[in-house]
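So you can see what is in the structure, the chains are spelled out below.
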Amino acid sequence: MTEPRSDSAVPAFWQALGLPGIVDAHVHFMPPRLMSAVWAYFDEAGPLIGTEWPIRYRDSEKERLEFLRGLGVRAFTALVYPHRPGMAESLNEWGAEFARRVPECLQTATFFPEPGVAGYVRRALESGARVFKVHLQVGGFDPRDEELEEVWGILADAGVPALVHAGSGPVPNGFTGPGPFGGVLARHPRLTAIIAHLGAPEFGGFFDLADRHDGVHLDTTMTFTRFGGLGAFPAALLPRLRDLGLQGRILLGTDFPNIPYEYAHQLEALAGLGFGDDWLRAVCWGAADTLFGLTARVPGLS
């Protein structure tokens, strides 16, 4: 498989794999004011960033959508997340409206440990939410908080995945690492979860959780790229990464638009691992197709 070295080469990459496109499980679309605030935080290299992190795709929402469509990204999330109480429900309402007008979007919701959280999570599911973003680093909360106990059970029963930034990269807090979220999985073993960034930098600990829980998946976001802010992936874990990918447990993620390099570089880095076309097909399409039922739901694929 030829590694795509520029964005213009991305369509040829997935076409050579015999895919109908690619699925990106880790994309950020947000209300404009919130997205601007996030970009300003990146510009300042704030304490949760820890390093210079220039954003390459600082374009309008329309331009970003056209860009993804031009690459052949057939489905993607719109990861929103709150940093304080009182934000999540309005973000869920925005996410539902965004998904209604953007057919490629996997309707994304979120939550925060606060009174009433179970109620608005149920309402988000009723409105069509297909994935929930949980950012333990930005939110600064313990996923084992009593306010969330019912929520994890609701998601486990619904079979709707939580995409969780649970690793300690780029900057740890007391609730990151495999221990806290591992506690959630111990109480809710049927929960479907996607661990962002392959769990960087605690890769091994999160791979262990995937070994113990069939519902645990991981996304590739920013790993193996030239950006070193999340930690180097250990060579000893490469065979496990290959096996998990072939099992449909690894999903493509990029962090678009908040990346300091071309979109194609994430695909180039994955192709460069040398795991073969079957692995790339599973990561770039198959795992997400199984998890989200894309063949039946993405326009033009049914």
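The structure this text deals with has already been given above.
We now turn to the structure provided with this report. (Residues numbered from 1 in each chain as written. Predicted model: local features only at pLDDT ≥ 70, side-chain atom pairs only at ≥ 80, totals over all residues. Heavy atoms only, no water.)

1. Quick look at the overall build of the protein
Inference 1: Broken down by element type, the protein carries 13 helices and nine strands.
Inference 2: Along the three orthogonal principal directions, the C-alpha set of the protein runs to about 50 × 45 × 40 Å.
Inference 3: Across the 302 residues of the protein, 59% fall into the buried class.
Inference 4: A fraction of 76% describes how many contacts in the protein between residues 6 or more apart in sequence connect residues 24 or more apart.
Inference 5: Split by element, the accessible area of the protein, about 11500 Å² in all, is 51% carbon and sulfur. (Helix = DSSP H or I, 4+ residues; strand = E, 2+ residues; numbered from the N terminus. Buried < 20%, exposed > 50% of the residue type's maximum accessible area, 1.4 Å probe, protein only. Contact = heavy atoms within 4.5 Å. Areas by Shrake-Rupley, 256 points an atom, 1.4 Å probe, with all protein chains shown as cover.)

2. A short note on the environment of I259
Inference 1: By the element assignment, I259 lies in the loop between β9 (250-251) and α11 (264-271).
Inference 2: Between the C-alpha atoms of I259 and I55, which are 204 residues apart in sequence, the distance is 5.3 Å.
Inference 3: Ignoring anything within four residues of it in the chain, the contact list for I259 reads W53, P54, I55, R56, Y57, M222 and T254.

3. Side note on the packing of aromatic side chains
Inference 1: As enumerated under the stated definition, the model contains 16 aromatic pairs in all.
Inference 2: Each ring, one from Y57 and one from F67, has its centre 4.8 Å from the other, and the planes form 35°; the classification is tilted. With Y57 in the loop between α2 (32-43) and α3 (61-71) and F67 in helix α3, this residue pair connects regions lying ten residues apart in the sequence.
Inference 3: Residue class for Y57 comes out buried when judged on its relative accessible area of 6%.
Inference 4: Ring centres of F275 and W279 lie 4.9 Å apart, and the angle between their planes is 75°; on these two criteria the pair is classed as edge-to-face. No difference in accessibility class separates F275 from W279, as the two residues are buried.
Inference 5: These aromatic residues form a ring-pair network of at least three members: F29, F76, W94 and F98. (Phe/Tyr/Trp six-rings, centres within 6.5 Å; stacked < 30°, edge-to-face > 60°.)

4. Considerations on the sheet that holds strand β2 (residues 73-77)
Backbone hydrogen bonds are what pair the strands of a sheet, in a parallel or an antiparallel way.
Inference 1: Taking strand neighbours across the sheet as the criterion, the three strands line up as β1-β2-β3 in an open arrangement whose pairing is parallel. Every other strand in the sheet has two partners, leaving β1 (22-24) and β3 (105-106) as the edge strands with one partner each.
Inference 2: Across two bridges, the pairing between β2 and β3 is parallel. If you follow F76 over to β3, its bridge partner there is C105.
Inference 3: Packed onto the sheet, helix α12 (residues 277-292) meets β1, β2 and β3 and runs at close to 65° relative to β1. (Pairing = 2+ DSSP bridges. Axes fitted to C-alpha atoms, helices over the stretch in contact; angles between N-to-C directions.)

5. A closer look at the nonpolar core
Inference 1: If you look at the biggest cluster of nonpolar residues, it comprises 108 residues, and the most contacted ones within it are F111, W152, F181 and Y263.
Inference 2: Once you skip the residues sitting within four places of it in the chain, F181 turns out to touch P143, W152, V164, A166, L191, A193 and I195. (Core = buried A, V, L, I, M, F, W, Y, C linked by side-chain atoms within 4.5 Å.)

6. A short note on the pairing of strand β6 (residues 162-165)
On a regular strand, each side chain points to the face opposite its neighbour's, so the side chains alternate between the two faces of the sheet.
Inference 1: Both faces of β6 are covered, namely the face carrying A162 and V164 and the face carrying L163 and H165.
Inference 2: Sheet topology note: the strand β5 (residues 131-135)/β6 ladder contains four bridges and is parallel. Each bridged residue has a counterpart across the sheet, and for F132 the counterpart in β6 is A162.
Inference 3: In this sheet, strand β7 (residues 193-195) lies alongside β6 in parallel orientation, the contact comprising three bridges. The residue bridging A162 from the neighbouring strand is A193, located in β7.

7. Examining the environment of G174
Inference 1: Examined against the element boundaries, G174 turns out to sit in the loop between β6 and α8 (178-187).
Inference 2: Placed 37 residues apart in sequence, G174 and Q137 show a C-alpha to C-alpha distance of 8.8 Å.

8. Here's the deal with the environment of L191
Inference 1: For L191, the position within the fold is in the loop between α8 and β7.
Inference 2: Distance in space between the C-alpha atoms of L191 and R249 is 14 Å, their sequence separation being 58 residues.

9. Focus on the packing of α8 against helix α9 (residues 203-212)
How two helices sit against one another is set out by the angle between their axes and by the gap between those axes.
Inference 1: Interhelical geometry of α8 versus α9 gives an angle of 10° and a closest axis separation of 10 Å. It follows that α8 is roughly parallel to α9 by the angle criterion. In contact with P178, G182 and L185 of α8, α9 contributes G205, F206 and L209.
Inference 2: Tallied by class, the residues present in the contact of α8 with α9 amount to four nonpolar, two polar and no charged. (Parallel < 35°, antiparallel > 145°, perpendicular 65-115°, else oblique. Nonpolar A, V, L, I, M, F, W, Y, C, P; charged D, E, K, R; others polar.)

10. Here's the deal with the pattern of salt bridges
If the charged atoms of two oppositely charged side chains come close together, the side chains can form a pair.
Inference 1: By the definition in use, this model includes 14 salt bridges.
Inference 2: For E268, the salt bridge goes to R5, with nearest N and O atoms at 2.8 Å. Of this pair, E268 sits in helix α11 while R5 sits in the segment before α1 (10-16), placing them 263 residues apart in sequence.
Inference 3: Linking E150 and R122 is a salt bridge whose minimum nitrogen-to-oxygen distance equals 2.7 Å. (Salt bridge = Lys/Arg side-chain N within 4 Å of Asp/Glu carboxyl O.)

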